[in-house]
Structure formats: structure tokens, C-alpha cells
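Topology and contacts: notes
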Amino acid sequence: MIPPHRRHGLWLAFFLHRLSGIALALFLPAHFLVLALALTDPAALDGFLHWAHQPVVRAAEMGLVFLLSVHLFGGLRLMALEWLPWSPRQKTLAALATAGSMFVALWFLLASAQAA
Amino acid sequence: MSDGIDNAAATDTLDVRVWRGDERGGDWHAYRVPAAANQTVLDVVTWIQRHREPNLAYRFACRVGVCGSCAMSVNGEPRWTCRTHVQDAARDGVLRIGPLRNLPLVRDLACDMAPFFDRWQEAGGRFVPSSDRHADIAAISPESPARRIADAAIQCINCAVCYAACDVVQWKPDYLGPAALNRAWSLVNDERDAGNKDRLRAVAGDAGCHNCHSQHNCTRYCPNQLDPGASIAGLKRTTMKAALKGQL
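Residues numbered from 1 in each chain as written. Chains lettered and ligands numbered in written order. Predicted model: local features only at pLDDT ≥ 70, side-chain atom pairs only at ≥ 80, totals over all residues.

**What to know about the overall build of chain B**
Which entries qualify depends on this criterion: Secondary structure counts use DSSP, requiring at least four H or I residues in a row for a helix and at least two E residues in a row for a strand, with both numbered from the N terminus. Backbone-placed C-beta atoms define the burial measure: a residue is buried with 20 or more other C-beta atoms within 10 Å of its own, exposed with 12 or fewer, and partly exposed in between. We call two residues in contact when their backbone-placed C-beta atoms lie within 7 Å.
Along the backbone of chain B there are 10 helices and 7 strands. Judged by the C-alpha coordinates and their principal axes, chain B covers about 65 × 40 × 30 Å. The 248 residues of chain B split such that 42% are buried. Contacts spanning at least 24 positions in sequence make up 66% of the contacts within chain B whose residues lie at least 6 apart.

Structure follows, in C-alpha cells:
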């Protein structure tokens, strides 16, 4: 059971940032090992890339992108929180403006990709 | 002296569990306490001490949210009990009242506050005068930016609610904690103070402000609605600038 003092957004943001950071730290050595196969064993790399086309690995890649995204934006959030001497209201407005901009930009990107 | 409960008006009872014991161990004890309108958690504890458990150890003084001595854990959350109404704190009709987290226990609901106040000293929480008593009174505009920042952090009542709420204090017991760092931030912005060189060195150390993970439990629970999380962020910025200038 989650203790009451941890049931709020900023604690959850900390937890997601920490969790995504640990998961990425575990992923990166494996990532570099696979990349190194290009030099040491190209045939094994081709085999791995073929294996990686399975739907379940594709789904896992989505999870990886999610982790990257969470960690990236969590880091930006933390830097804004700690490095900008703004009032909480100013920071909320800035976060809303950034989220709105991201939404519009992503919508434009997806619409363009569909048209192409 | 009234114990805060009008027994004649009481029509119902509260289900109250109080933690009793010391550092060696203890257990939750159950009590039925008469319910009343506008009843605070401190009223409930006082009723139990006066009517059921004369040797129940707890701490209070002013009963009006000024002295900061009555903080306890209420249903797992740190609270100033004299200003916490039972109806706001009860969960499913039950009140579980225990000692604050992150502090050594004296007995029952009374914690040893010494480590908490030691952190204030370690963080440079003592005012260092820049002039003596013969000098004129310093003219500080209440509207000056530095004074506004100092004023925003100054109303701390030393209740240790933020210290008990902080997970970093739990994980790293020598961490200075939100209250001491908030006090240091107030003094960093006090134009009359001359102790910033040592103070910034203290708060930038291994146990200092850079341990904070910005979970902001302190800000969430501060009963005086201060923002120790913002104070700690201010110290992070100031110590980083000082480090870049080679002043630490």
C-alpha cells in the first residue's frame, strides 16, 4: 500500500523519473552490446534485427520510447522547477503552454505522415 | 481547564487508535472517545490522557497553531494536531494517532526533537549580525525583492511536520531537511546578515540542499503553507552560482 505522504503528483513524477532512469540505465549496456555486433559479428546482428521485428519486440520498443519520453520531460520539469525562480502559477502556465504546443506539433506531424 | 470536548453535547463516539510504546517497541491501543462538534485531534488525545491513560506521553503548549509542539502522525500523515479537525483527518471513521516519523521516540506520541534542531545549527540557521548594537537600525524596505523572499520563508513554527513528511530525511538521516534549509534560505536573503559564506558552504555539503529530490512533501504538508521546496530550490541556484564563481 502506498503511504499517504506519497500519494500526490510531484512524488509520482519523482518516482516515474527514477524508475525510467533505472530502466534506461539497464537498457543502455544491452543496446551498446548489440550495436557492437556490427563490428564483431555482423551475421549475429542481422539475426538479432530479424528477431526484433516480432510484434512483441515492437511493443517493447514503444515502452522504451515511453521511458525515454518520461525521462526527458521529467528532467526538463525538474530543471524548470529548480532553476527558474518563477512562481508556481507561472510554472503551471508555462507547462500548459508547452504541453499545448507539443500536442499541436505532434498532431501536425501525424497528419503530415498520414498525408504522405 | 476544559479538555476541548463538551461531554454533555456528545451523542456519538470516535474510534481512535493511539500508538503506545518506546524505542524498544509498542503497539496500537484502541479507545472510544466522545465525538463533538469542532473537535481537534489534540482534543481527542487530551481526552484520552485525562479520562483513560494518565501516563500517555504527548507534547503540546499553545493549542492555537503558534508554538509548533503538538505535531503527530494522524492516519499516516504528519499534522499539527491542535488545528486539525477530526472530521478532516478521520478515514472511514477511524483516527490512528502515532508519533512523527524520522525522529527518535521518547515515549508514546512524544518524539525527541534534538536531531531536528541540530540540523538548524548545522545549516547555519543562526543569524550573524553585520553590525553591533550601537549602529542605527537597518532600513530594509519590506518591498525589496530580497526581503520579500525572506518574508515568504520566515513564518516557520518549527513543528517538524515537513521533516517527518520528507522521504529524503528517511533515506539519508544526516540530511539537513526542509525546515533547516528553509531557515537558511530566509537568512541568505536577509540583508542584515553577514554569515552567508559559511552558511552556503554548509548547505552545499554532503548533507545539504542538493540531496533534495523535489518530491515537495514538505510543501504539501507545511501547516503554515510555506514552500520549503521552493526555498531549497533557491539554495540550489545560489550555491551553484557561488560554486561557479569559486566562492564555496
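Next, the rest of the story.
**Describing the overall build of chain A**
Here is the rule we go by: The reference for a compact globule is 2.2 Å times residues^0.38; the radius of gyration itself is calculated from the C-alpha atoms.
Looking only at helices and strands, one finds 4 helices and 0 strands in chain A. For 116 residues, the compact-globule estimate of 2.2 N^0.38 gives 13 Å, and chain A exceeds it by more than 25% at 19 Å. Expressed along its principal axes, the backbone C-alpha trace of chain A runs to roughly 55 × 45 × 30 Å. Taken across its 116 residues, chain A has 4% of its residues classed as buried.

**Structural notes on the sheet that holds strand E2 (residues 25-34) of chain B**
Residue and element names in this part refer to chain B. As a reminder, the rule being used: Here a strand pair is declared whenever DSSP counts at least two bridges between the two strands. Here an axis means a line fitted to C-alpha atoms, over the contact stretch when the element is a helix, while the angle between two N-to-C directions is reported on a 0 to 180 degree scale.
Here we have 5 strands laid out as an open sheet, ordered E2-E1-E5-E3-E4, and mixed in their pairing. The sheet terminates laterally at E2 and strand E4 (77-80), the two strands that pair on one side only. Adjacent strand axes in the sheet meet at a mean angle of 30°, parallel and antiparallel pairs treated alike.

**Considering the pairing of E2(B)**
Residue and element names in this part refer to chain B. Where strand E1 (residues 13-22) meets E2, 10 bridges bridge the pair, whose relative direction is antiparallel. Residue pairing for E2: Thr13 is matched across the bridge by Pro34. The hairpin formed by E1 and E2 contains 2 residues between the paired strands.

**Focus: the pairing of strand E5 (residues 94-98) of chain B**
All names here are of chain B. As paired elements, E1 and E5 share 4 bridges and run parallel to each other. Each bridged residue has a counterpart across the sheet, and for Arg17 the counterpart in E5 is Arg96. Taken together, the 2 bridges between strand E3 (residues 71-74) and E5 define a ladder with antiparallel strand orientation. By the bridge assignment, Val74 is partnered in E5 with Ile97.

**Looking at the nonpolar core**
Residue and element names in this part refer to chain B. The condition that has to hold: A set of buried Ala, Val, Leu, Ile, Met, Phe, Trp, Tyr and Cys residues, joined through C-beta atoms within 7 Å, is what we mean by a nonpolar core.
Counting residues in each nonpolar core, the largest one holds 62 residues, and the members touching the most others are Ala160, Val161 and Leu181. In terms of residues, this core owes the most to one element, helix H7 (residues 177-188), which gives 7 residues. Excluding residues that lie within four positions of it along the chain, Val161 makes contacts with Ala71, Pro78, Arg79, Trp80, Tyr221, Cys222 and Pro223.

**Quick word on the domain arrangement of chain B**
Residue and element names in this part refer to chain B. Note the threshold: Note that the domain bounds were set by an automatic or database domain assignment. Residue polarity follows a fixed list, in which Ala, Val, Leu, Ile, Met, Phe, Trp, Tyr, Cys and Pro are nonpolar, Asp, Glu, Lys and Arg are charged, and the others, Gly among them, are polar.
Parsing chain B into structural domains produces domain 1 (7-111) and domain 2 (114-244). On a C-alpha basis, the centroid separation for the pair domain 1 and domain 2 is 30 Å. Tallying the contact residues gives 16 residues for domain 1 and 15 residues for domain 2. With 4 residues, E4 is the largest single contributor of residues to the side of domain 1 that touches domain 2. For the side of domain 1 that touches domain 2, the per-class residue count stands at 8 nonpolar, 4 polar and 4 charged.

**Focus: the packing of helix H1 (residues 9-40) of chain A against helix H3 (residues 55-83) of chain A**
Residues and elements named next belong to chain A. To be explicit about the condition: By definition in this entry, angles of less than 35 degrees are roughly parallel, angles greater than 145 are roughly antiparallel, angles of 65 to 115 are roughly perpendicular, and the rest are oblique. Here a crossing is called left-handed whenever its near helix is offset anticlockwise from the far helix by less than a right angle, and right-handed whenever the offset is clockwise.
H3 packs onto H1 with a crossing angle of 130° between their chain directions and a minimal axis gap of 9 Å. Relative to H3, the element H1 is oriented oblique. Crossing handedness for the pair H1 and H3: left-handed. Contacts between H1 and H3 pair Ala13, Leu16, His17, Ser20, Gly21, Ala23, Leu24 and Phe27 from the former with Leu64, Leu67, Leu68, Val70, His71, Gly74, Arg77 and Leu78 from the latter.

**Things to note about helix H4 (residues 88-115) of chain A**
Keep this limit in mind: Each helix should span, by expectation, one fewer than its residue count multiplied by 1.5 Å.
An ideal rise of 1.5 Å per residue puts 40 Å on 28 residues; H4(A) measures up with 40 Å between its terminal C-alpha atoms. Taking burial as the measure, the 28 residues of H4(A) include 0 buried ones, a minor fraction of the element.

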